[in-house]
Amino acid sequence: MTVDRRSLPGFAALFSLPLAWVILLLIVPYGIMISVSFWTRQFPLFYPDFQFGNFAQLFSDPQYTTVILRTLKIAALVTAGSLLLGYPLAYFLAFTVRPGSLRNLLYMSVIVPLWVSYLLRAYTWKIILGTDGALNSLLVSLGIIHAPLDIFLYNQTAMVITLVYIFVPFMVMPLYTVLDNIPKRLIEASEDLGVGPFMTFIQVILPLSLGGVIAGSTMTFCLAFGDFVAPVLVGGPDGTMVANLLQTQFGAALNWPLGSALATLVLILVLVLLQISSRLDRAGRINMT
Amino acid sequence: MISKPIVSLEGVTKTYGNFTALHATDLSVGEGEFVTLLGPSGCGKTTTLRLVGGFERASAGRVVISGEDVTSRPPYLRPVNTVFQDYALFPHMSVSQNIAYGLSVKSNNVPRAEQAARVAEALELVGLEGMADRRPEELSGGQRQRVAMARAVVRRPRVLLLDEPLSALDVKLREGMQVELKRLHRELGITFIMVTHDQTEALALSDRIVVMNKGRIAQIGSPTELYDNPSTPYVADFIGAANLLDAAPAGPDGGFTMYRLGDTLIRSAQKPSLALASGAMLGIRPERLLVSGSEVANRLSFTIKEVLFHGDRLKLELMMRGVDKPIFAELARTVLASSQTETGSHLDLYVEPSDILVFTGGHAG
Amino acid sequence: MQSLRWWQKGLVGVSLGVLAFLYLPIAMLILFSFNDSKVTSFPLSGFTLHWYEAFLANEGMLRALWNSLVVAVCATLVSLVVGVTAALALDRYDFPGKRLFQNAILLPLSLPGLVTGIAMLNFYKQIGIPQSLTAVVIGHATALLGVVVSQVMARLAKLNRRQLEASADLGATPVETFRRVTLPSIRSSVIGSALLCFTLSFDEIPVTYFLTGREVTLPIYIYSTLRRGITPEINAVGSLIVAASFILIILSVTLLRDRR
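Keep in mind it's a predicted model, so treat the numbers as computed, not measured.

(A) Fine view of the sheet that holds strand β5 (residues 68-69) of chain B. Residue and element names in this part refer to chain B. The sheet built from four strands is open, its strands ordered β2-β1-β4-β5 with antiparallel pairing. Only two strands of the sheet have a single neighbouring strand rather than two, namely β2 (19-30) and β5. With two bridges joining them, strand β4 (residues 60-65) and β5 adopt antiparallel strand pairing. Considered in β5, the bridge of I65 is made with E68.

(B) Spotlight on the interface of chain B and chain C. At the junction of the two partners, chain B supplies 22 residues and chain C supplies 17 residues. Of all the secondary structure elements, the ones that give two or more residues to the side of chain B that touches chain C are β6 (80-83) and α2 (95-104) of chain B. Looking at side-chain class alone, the side of chain B that touches chain C contains 10 nonpolar, seven polar and five charged residues.

(C) Layout of the sheet that holds strand β16 (residues 313-320) of chain B. Residue and element names in this part refer to chain B. Pairing is antiparallel in the open sheet, where four strands are placed in the order β17-β16-β15-β18. Two strands close off the open sheet at either side, each with one partner strand: β17 (327-332) and β18 (346-351). On average, each strand axis in the sheet is tilted by 50° relative to the strand beside it, whichever way the strands run. Looking at chain direction, β16 and β17 are connected through six bridges and run antiparallel.

(D) Expanded view of the packing of α2 of chain B against helix α3 (residues 112-125) of chain B. Residue and element names in this part refer to chain B. Look at α2 against α3: their axes get within 9 Å of each other, and the N-to-C directions meet at 125°. Classified by the interaxial angle, the pair formed by α2 and α3 is oblique. Viewed along their axes, α2 and α3 form a crossing whose handedness is right-handed. Contacts between α2 and α3 involve S96, I99, A100, L103 and S104 from the first element and Q115, R118, V119, A122 and L123 from the second.

(E) Summary view of the pairing of β2 of chain B. All names here are of chain B. Inspection of the sheet shows strand β1 (residues 5-16) paired to β2 by eight bridges, in the antiparallel sense. Along β2, the bridge assignment pairs V12 with T25. Taking the residues between adjacent antiparallel strands as the criterion, β1 and β2 are bridged by two residues, where G17 takes a positive phi near 60°.

(F) A look at the pairing of strand β15 (residues 298-310) of chain B. Residues and elements named next belong to chain B. Of the pairings in the sheet, the one linking β15 to β18 comprises six bridges and is antiparallel in character. Following the sheet pairing, S301 is matched in β18 by D348. Two elements, β15 and β16, share eight bridges in a ladder whose sense is antiparallel. If you follow H310 over to β16, its bridge partner there is R313. Taking the residues that link successive antiparallel strands as the turn, the β15-β16 hairpin has two residues, and the phi of G311 there is positive, at about 70°.

(G) Representation of the arrangement of the chains in the model. No other pair of the two pairs of chains in contact has as many contacts as chains A and C. For the non-touching pair chain A and chain B, the nearest C-alpha separation works out to 10 Å.

(H) View of the interface of chain A and chain C. Across the boundary between the two partners, chain A contributes 69 residues, which contact 64 residues of chain C. The element best represented in the side of chain A that touches chain C is helix α1 (residues 8-36) of chain A, accounting for 16 residues. Of the residues that constitute the side of chain A that touches chain C, the class distribution is 53 nonpolar, 13 polar and three charged.

(I) Quick look at the environment of P207 of chain A. Inspection of the secondary structure puts P207 of chain A in helix α9 (residues 197-225). Spatially, the C-alpha atoms of P207 of chain A and L25 of chain A are 41 Å apart, while their sequence positions differ by 182 residues.

(J) Main features of helix α4 (residues 141-153) of chain B. Residues and elements named next belong to chain B. The end-to-end C-alpha separation of α4 is 19 Å, in line with the 18 Å expected for 13 residues at 1.5 Å each. Burial analysis of α4 places 10 of its 13 residues in the buried class, which makes it a mostly covered element. Elements in contact with the buried residues of α4: β6, α2, α3, β7 (159-163) and α5 (171-188).

What counts as what
- Residues numbered from 1 in each chain as written.
- Chains lettered and ligands numbered in written order.
- Predicted model: local features only at pLDDT ≥ 70, side-chain atom pairs only at ≥ 80, totals over all residues.
- Pairing = 2+ DSSP bridges.
- Helix = DSSP H or I, 4+ residues; strand = E, 2+ residues; numbered from the N terminus.
- Contact = placed C-beta atoms within 7 Å.
- Nonpolar A, V, L, I, M, F, W, Y, C, P; charged D, E, K, R; others polar.
- Axes fitted to C-alpha atoms, helices over the stretch in contact; angles between N-to-C directions.
- Parallel < 35°, antiparallel > 145°, perpendicular 65-115°, else oblique.
- Left-handed = near helix turned anticlockwise from the far one by under 90°.
- Expected span 1.5 Å × (residues − 1).
- Buried ≥ 20, exposed ≤ 12 C-beta atoms within 10 Å, placed from the backbone.

As structure tokens, then:
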């Protein structure tokens, strides 16, 4: 119901706490962060100001542009990897697994790792890929290699593997939901009309599951883009990502205005992505009844 | 004509933004009456019921229940209870907990022992003894319906509101529940106000029917009044069925008023003094077209266009010379020889002047 | 069972592969937590509980664990109180700025945690909340509001409004209706979001990283230990956390089985 004079007291009783909380502790902080991004730094202090110097620096200094581009690349690779692994799994769960109880169990087992500490899941790859880690020692003891290799850990590949591992459930969840909602009779109808399984997939299932692909990809991309643990644990010297840069600006480099500008940039990027994603989703939504 | 009114709406209006769901409406319901609000979806009948129940607040006007102005009172402070369309049973409570709910709320805190007794009594009233510990999900549609009834009447309301109480049941069950509703009304002796879009239900159960259309009351009356003397073509068509035909006035003739329908002159029992010079609409109920008639009966000549078999009855689609609409008749199968009911053959039927419904003035409402 | 075509076999293979990929590392973690060696390498060198003993003797780590539990419980409670009332208001009323409010609440869930952490750090510094576990609780509760609001709202949307009307019709005041009809109906979503909040808060690094003071939480403690190097003690703690997570999951599945 629309809030009017009659319903105002009830509405106010319910909503004043959440409203005050969210404005004061969430919206205002983001607002302040954005405003600090226009400040000036004169070491070691910061002064309120309104200038675009911090943003200009982010876009011109190769030190920053390299990191931003690299983060975009890694996030894109992680998204692609998760989609590549997640789609077949979601399809398998939605269309191949019978009966329903087994399907639920398997689906749960995809979600369960999300509940296990994210830090630990990143860390496990350090013990697997390290120089005296599980993979190397296994290969040595099997006689495949003679001495441990240091090519597994501390590079971008290790980062992509780790991040795919961490975020693939976020891809599977929306994909499974969408695929599971596709009425099985549509597939039967398509096959009844003489279309083979592959073309049925291309012409029926894929278009109907695009919403899930978009939702999963957006989520995975945003999460991978902002990650800062994997670079620290398994990334090498060329593994710095935007989040690490952010950390530095608020730590060692002590340049809050620049850090805020970078954070604002990330905020804008995420907002734009979410907006595009919901637009695409709305445009492509088909009522499946 | 009405006993002491227990529910009165005085100029009650309900608007949602620019849309008026109910135009200023006056309605009085007497103590112990069974009143039905009847009409198609969107006619304002459910809004009216919800205004009485307190789920909607009137935009203007007053709602009075047993002499008290309850217009701005919330539902929990009104002496009425409702049987909801989809029953709205609480899924997390057993049957007896559902029924006891209204006895255990703070405003009506009945002692535990009395609660149990009244729940048992209510279960017996609706014939659900032994179901007390079931959950709603374990019940059939008809049983849920009974629980909803028991839950509403256990509080001994002055007025019971029923929102399409039988619409979720299948046809067979619905007829059984109609009998049940009638019995409950008699046994409880309280006022029932029911909303329905099903005219047979309304005709079978009600003392009075309020026919509604587009947010207004079209006519109020007993089932026979509405059937015999509908005030508008809309009511004639909604209560029962009627062939509605445009006709031209052709002046008085003896005690009758004449109308020209196509090439035929029709005698109606309407008082000549009431006749207007402008056009009129005639209503003829399909079941009032007969194979014989009195000496003043109108004899109408038809060509049979289509015959539909309805068990012991036949429904005929007929064409009449000079009339561009088909006219429907319903006849017992035994009164016609099969040779008389071939498509394309001629058939003469009679209709008494008193069975001709005449509508003058606005045709729409 | 029908015989599978080549692409179906491939599909099964890939799917089982992905499932193995999801669990192999966790198995590794548990395996090495019992391995009697300072390095995590094959072949295994024998069974030990030494790393678990080391963890239990490590006061700093235990203190961090305690801090994490306190923070997660407090943040969850605050988030529930604010989130459930917000969900009720959002579900029942329409008002200007509703979409904006909802989007704001959901933003921290898709925004990198560091950005939210930075925003809060900036703000807390200026209004004088010192970096402390209190700041972390406020930060987590705020960042996790979206979890509660979205889950509870989804459940409220499925709630049959007629049931609330029926309750009022039967004489229950709005408060009674909330307690006896609404709350039992949304119970599973409240418990579900509480468990999720607890887990996410217990596990949270980026916001905590900026808001915490001298006292640290377990993830921060482990994170700073890891930067210095690997100790198998971490495997032991990790295994315990995995075990606790599984217990939580089983708990939530049992509790959330909707009794309808």
